[in-house]
Amino acid sequence: MHSGFSDGLPSSSRVPMVPVVQAFRSDLPPGVVPFPEGADLLQVLWCPFTHEFPASPWPAVFWRDSASVQAVLPAPPTDPAAARRHVPAPCVVHPERVTEYPTWDLPEDLADEWRDDFRRLREAIPLLSFSDFAEAPGIKLGGYPSWFTEQGWVDCEGCGRRMDHLLTVASRECDGTSWRIWLPLEDRDEDGGRAVPVDPTGLDVGSVGSVYIFECRTCPERPFDHWYDSC
C-alpha cells in the first residue's frame, strides 16, 4: 500500500493518509473501470480528518504498476486525533458486476416511459421502492452515483467536461429494505435473512452519507475530484 501523507491539517506535522480501496485490474470484471496505460493497480487513500469544506475526508487517487513495487511498506499508524469514523476496518473485497439504472440521472423521456413499469413493480413488491432497483448502494467502482440529497457532478478544471464517476465510498452497504435486492447470497442466513451488518467497514461519513470520487479520462494526467453528500 502506498504510504501517503497530507499537509495543511489540524496538526503541525504531516498526517498519514488512510487506505480506503485497493483493486487490481486482474481482480475486476472487464470494463468496470478503464485503467490508464501501464497501470494495473488502483489505490485510493484519504485524509481522515473532517475538513471545513466539504466537511468530509479528502481522498487521493493513485494508479500504479504493481511490478514496480519493490517493497511493501508497513502502514503508518493512524493519527490519534483523526476521526475514527473515517478509518475503515480492513475488509477483503470480492468484486461482483451488477446492472444498475440511474434515478436522479435518468433522462426525463425514459422516466416517463418507465413510469408504469415502476408502478407495477411497487405493487408487486410493496416493501420496496423503485430506487431499490436503481443504483447499487454501498462502496462501489464505476456505475452511477447513488445521490442522497442532490446531484454533485464535478467538471474538470482542465478541459471543462463533466468528470466520470470512479468510486463511491458509502457509510452503509445497504439499508433496511435495499438489502433484499443487493445483499449477496453468501451474506444471508439459511432463511434468506441478513446475516451481516450493513456497515462492515465501520465507516460513518455523515451518518448515512457518501464520498463520491470523480476523474477526468480525457486529460492525460487523469485529474480527480470529489463530492460529499450527507443529511
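Residues numbered from 1 in each chain as written. Predicted model: local features only at pLDDT ≥ 70, side-chain atom pairs only at ≥ 80, totals over all residues. Heavy atoms only, no water.

Novice: Account for the nonpolar core, with residues named and values stated.
Specialist: The biggest cluster of nonpolar side chains holds 22 residues, and the ones touching the most others in it are Trp46, Trp63 and Leu166. Listing elements by their share of this core, those giving two or more residues are β3 (18–24), β4 (41–47), β5 (58–64), β7 (164–170) and β8 (210–215). No other element matches β3, which puts four residues into this core. Those residues in contact with Leu166, other than ones at most four positions away along the chain, are Val33, Leu42, Val61, Trp63, Lys140, Leu141, Gly142, Ile213, Phe214, Glu215 and Arg217. The next biggest cluster of nonpolar side chains, apart from the first, holds eight residues, and it includes Val154, Cys156, Phe214 and Cys219. (Core = buried A, V, L, I, M, F, W, Y, C linked by side-chain atoms within 4.5 Å. Buried < 20%, exposed > 50% of the residue type's maximum accessible area, 1.4 Å probe, protein only. Helix = DSSP H or I, 4+ residues; strand = E, 2+ residues; numbered from the N terminus. Contact = heavy atoms within 4.5 Å.)

Novice: Hey, could you go over the sheet that holds β5 for me, with residue numbers and the actual values?
Specialist: Pairing is antiparallel in the open sheet, where three strands are placed in the order β3-β4-β5. Either end of the sheet is taken by a strand with one partner, and the two such strands are β3 and β5. When the angles between neighbouring strand axes are averaged without regard to direction, this sheet yields 15°. In the sheet, β4 pairs with β5 via seven bridges, with the strands oriented antiparallel. Bridged to Val44 within β5 is Val61. (Pairing = 2+ DSSP bridges. Axes fitted to C-alpha atoms, helices over the stretch in contact; angles between N-to-C directions.)

Novice: Before we move on, could you go through the pattern of salt bridges and cite the residues and values that matter?
Specialist: What the rule picks out here adds up to five salt bridges. Between Glu215 and Arg222 there is a salt bridge, with its nearest N and O atoms 2.8 Å apart. The pair formed by Glu215 and Arg222 is uniform in burial state, with each residue classed as buried. Residues participating in the shared-partner salt-bridge network are Glu215, Arg217 and Arg222. (Salt bridge = Lys/Arg side-chain N within 4 Å of Asp/Glu carboxyl O.)

Novice: Run through the sheet that holds strand β6 (residues 140–141), naming residues and quoting values.
Specialist: Here four strands make up an open sheet; going across it, the order is β6-β7-β8-β9 and the pairing antiparallel. The open sheet is flanked by β6 and β9 (224–229), the only strands paired with a single partner. The pairing of β7 with β8 spans six bridges and is classified as antiparallel. Looking at the pairing, Thr168 lines up with Tyr212 of β8.

Novice: How would you sum up the layout of surface pockets? Please name residues and give values.
Specialist: Approximately 510 Å³ is the volume found for the second largest pocket. Around the second largest pocket, the lining is made up of 25 residues, and of these Pro137, Ser146, Trp147, Phe148 and Asp175 lie nearest the centre. The residue inventory of the lining of the second largest pocket, partitioned by class, reads 10 nonpolar, nine polar and six charged. (1 Å grid on protein atoms, 1.4 Å probe; cavity = no way out; pocket = protein on both sides within 12 Å on 5 of 7 lines; lining within 4 Å. Points joined across faces, edges and corners; volume = space filled by probe spheres on them. Nonpolar A, V, L, I, M, F, W, Y, C, P; charged D, E, K, R; others polar.)

Novice: Describe the side chain of His86, with residues and values.
Specialist: Along the polypeptide, His86 turns up in the loop between β5 and α1 (108–124). For His86, a relative accessible area of 2% gives the class buried. In this structure the side chain of His86 is engaged in a polar contact, spanning 2.8 Å, whose partner is the backbone oxygen of Pro48. Residues contacting His86, with those up to four places away along its chain left out, are Val18, Trp46, Pro48, Phe49, Thr50, Pro57, Leu203 and Asp204. (Polar contact = N/O pair within 3.5 Å; in protein donor to acceptor, adjacent residues only side chain to side chain.)

Novice: Outline the packing of aromatic side chains, supporting the account with residue identities and numerical values.
Specialist: Within the structure shown, the criterion is met by five aromatic pairs. For the ring pair Phe35 and Trp63, a centre distance of 5.0 Å and an interplane angle of 75° mean the geometry is edge-to-face. Here Phe35 is found in the loop between β3 and β4, whereas its partner Trp63 is found in strand β5, with 28 residues between them in sequence. Of the two residues, Phe35 and Trp63, both sit in the buried class. Each ring, one from Trp147 and one from Phe214, has its centre 6.3 Å from the other, and the planes form 25°; the classification is stacked. One end of the pair, Trp147, is in the loop between β6 and β7; the other, Phe214, is in strand β8, and 67 residues separate them in sequence. Given a relative accessible area of 0%, Phe214 falls into the buried group. (Phe/Tyr/Trp six-rings, centres within 6.5 Å; stacked < 30°, edge-to-face > 60°.)

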